[in-house]
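Chain by chain, the residues run as shown.
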Amino acid sequence: SGHGQRTPVGEPVAGWIGYAEDDAEGRIEFYGEMVDGKRHGLGKLEWVDGSAYVGQFENDKPHGVGFESYGDGSMYLGEFKADCRHGL
């Protein structure tokens, strides 16, 4: 039967998450849709180094179409699957 993470159920609500200064992943904050306390739907996630992701989230991870910009000025626009670039 069920393997992996359960997909949140319920209606998306607008939310905000502020991360601690010593966040292990260097995240600053998240604005966007949440379901059952998880990032799920459209949102924006920002990191301390100036990087940002704007796009779709599923099960608390970038998943679907998104745009990622990096502190060095480079960018990626395309598909993400479970927090990883996916496709061309």
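Anything mentioned here points back to the structure above.
Computed from a predicted structure; not experimentally measured.

J.: What should I look at first to understand the nonpolar core in this one?
T.: Within soluble globular proteins, side chains that are nonpolar generally end up buried alongside one another. With 10 residues, the main nonpolar core is built from Ile17, Tyr19, Phe30, Met34, Leu45, Trp47, Tyr53, Phe57, Tyr76 and Phe80. Contributing elements (two or more residues each) for this core: β2 (27–35), β3 (38–47), β4 (52–58) and β6 (75–81). Excluding residues that lie within four positions of it along the chain, Ile17 makes contacts with Ile28, Glu29, Phe30, Met34 and Arg39.

J.: Help me out: how do you make sense of the sheet that holds β4 in this one?
T.: Within a sheet, neighbouring strands are paired by backbone hydrogen bonds and run either parallel or antiparallel to one another. One open sheet accounts for 7 strands, arranged β1-β2-β3-β4-β5-β6-β7; its pairing is antiparallel. For this open sheet the edge positions go to β1 (13–18) and β7 (84–86), each flanked by a neighbour on one side alone. Within the sheet, the average angular offset between the axes of one strand and its neighbour, ignoring direction, is 25 degrees. When β4 meets strand β5 (residues 61–69), the two strands line up antiparallel, connected through 6 bridges. Bridge pairing in β5 links Tyr53 to Glu68.

Calculation notes
- Per-chain numbering applies: the sequence of each chain, read as written, is numbered from 1 onward.
- Given that this is a predicted model, residues contribute local features only at a pLDDT of at least 70 and side-chain atom pairs are listed and counted only at 80 or more, while totals for whole chains, interfaces and linings are drawn from all residues.
- The basis for every side-chain value is the complete set of heavy atoms in the structure, and neither hydrogens nor water enter the calculation.
- In plain words, nonpolar cores are sets of buried Ala, Val, Leu, Ile, Met, Phe, Trp, Tyr and Cys residues tied together by side-chain atoms within 4.5 Å.
- Three labels apply to residues, based on accessible area from a 1.4 Å probe with only protein chains included: buried if under 20% of the type maximum, exposed if over 50%, partly exposed otherwise in between.
- Counting from the N terminus, the helices are DSSP H or I runs at least four residues long and the strands are E runs at least two residues long.
- Contacts between residues were defined by any pair of non-hydrogen atoms, one from each residue, lying within 4.5 Å.
- Note on pairing: DSSP must find at least two bridges between two strands before they are called paired.
- Fitted lines through C-alpha atoms give the axes, limited to the stretch in contact for helices. The angle between two N-to-C directions lies from 0 to 180 degrees.

In short, shape yes, function no, at least from these values alone.
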